[in-house]
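Below are the chains, spelled out letter by letter.
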Amino acid sequence: MSKKILIVDDAAFMRMMIKDILTKNGFEVVGEAADGAQAVEQYNELKPDLVTMDITMPEMDGIAALKAIKGTDPNAIVIMCSAMGQQAMVIDAIQAGAKDFIVKPFQADRVIEAIQKALG
């Protein structure tokens, strides 16, 4: 059975890019969210196997959303996505329970490697 993934990014273009990479590699994208608040709502509704979470978003940022998701499901698997130069935020995210992080612009092989590793 293919793994269900929720994509969270405030940029529709980024969501489209990562969705393309995932579907081509046999993953099922069950939902997309444009901010952290939507991400938490959809996580609870859809119960995906994994979440790709942008760090910088309006309303609720990725780290706050990560903490909220981990609060309801300590076993949640979340991979953070960030642009270059956000190392401090990436460290915060890992400490908050993120499994890994991928850097934008996305490289397909790195995205798939991170997801396969996180799903164990």
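Everything here concerns the structure above.
Described in the following lines is the structure provided in the data block.

Basis of the calculations
- Residues numbered from 1 in each chain as written.
- Predicted model: local features only at pLDDT ≥ 70, side-chain atom pairs only at ≥ 80, totals over all residues.
- Heavy atoms only, no water.
- Helix = DSSP H or I, 4+ residues; strand = E, 2+ residues; numbered from the N terminus.
- Contact = heavy atoms within 4.5 Å.
- Pairing = 2+ DSSP bridges.
- Axes fitted to C-alpha atoms, helices over the stretch in contact; angles between N-to-C directions.

**Description of the environment of Cys-81**
Turning to step 1, where the next piece is worked out: Along the chain, Cys-81 falls in strand β4 (residues 78-82).
Turning to step 2, where the next piece is worked out: Put simply, Cys-81 and Asp-100 are 19 residues apart on the chain and 8.8 Å apart in space, counted from C-alpha to C-alpha.

**Topic: the side chain of Thr-52**
Turning to step 1, where the next piece is worked out: For Thr-52, the position within the fold is in strand β3 (residues 50-54).
Turning to step 2, where the next piece is worked out: Ignoring sequence-local partners within four residues, the contact set of Thr-52 consists of Ile-5, Leu-6, Ile-7, Val-8, Ile-18, Ile-79, Cys-81 and Ile-115.

**With respect to the sheet that holds β3**
Turning to step 1, where the next piece is worked out: In space, the five strands of this open sheet follow the order β2-β1-β3-β4-β5, with parallel pairing throughout. Each edge of the sheet is formed by a strand with only one pairing partner; in this case those strands are β2 (28-33) and β5 (100-103). With strand direction ignored, the average angle separating the axes of adjacent strands in the sheet is 20 degrees.
Turning to step 2, where the next piece is worked out: Sheet analysis places strand β1 (residues 4-8) next to β2, joined by five bridges and oriented parallel.

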